[in-house]
Amino acid sequence: MTDTDRSVDAESGDPADSGPLSDQPDPEDVPEFGDLSIPQRAFVAAAQNPSRGLLVVGLFAFALAFYAAFWLSFPRAAGLLSAVALIVAAVAALVYRLLDGVSG
């Protein structure tokens, strides 16, 4: 028991001062990491290691700035590569859905 768990009044006989904290989650109610969505997983990872989370945000900002500069410098090439990326992402999402339907 820490000092913050004890009552300030030394004569307090309240049993709530000596018991476990009531706001602790029940292990049955805690979701598994695999049940979380991608944004929830990213939040958990950033909460566990904030410096890595800041690094990922910084790299994402750099990539976004690079993408905008690429569009301003070479609009046709950027449009072609963006269309290819959208097609690849759509195929990957379709494969993911098919494999998720087969396994579940």
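Being a predicted model, the structure only gives us computed values, none of them experimental. (Residues numbered from 1 in each chain as written. Predicted model: local features only at pLDDT ≥ 70, side-chain atom pairs only at ≥ 80, totals over all residues. Heavy atoms only, no water.)

*Asks:* Please give an account of the overall build of the protein chain that cites residues and values.
*Replies:* If you tally the helices and strands in the protein chain, you get three helices and zero strands. If you list the helices and strands of the protein chain from N to C, you get α-α-α. Within the protein chain, buried positions represent 4% of all 104 residues. (Helix = DSSP H or I, 4+ residues; strand = E, 2+ residues; numbered from the N terminus. Buried < 20%, exposed > 50% of the residue type's maximum accessible area, 1.4 Å probe, protein only.)

*Asks:* Which residues make up helix H2 (residues 50-73), and what are the values?
*Replies:* For H2, built from 24 residues, the straight-helix expectation of 34 Å at 1.5 Å per residue is met to within 8% by its first-to-last C-alpha distance of 34 Å. Within H2, only one of the 24 residues are buried, leaving the element largely exposed. (Expected span 1.5 Å × (residues − 1).)

Such coordinate-based values are descriptive only and should not be taken to indicate function.
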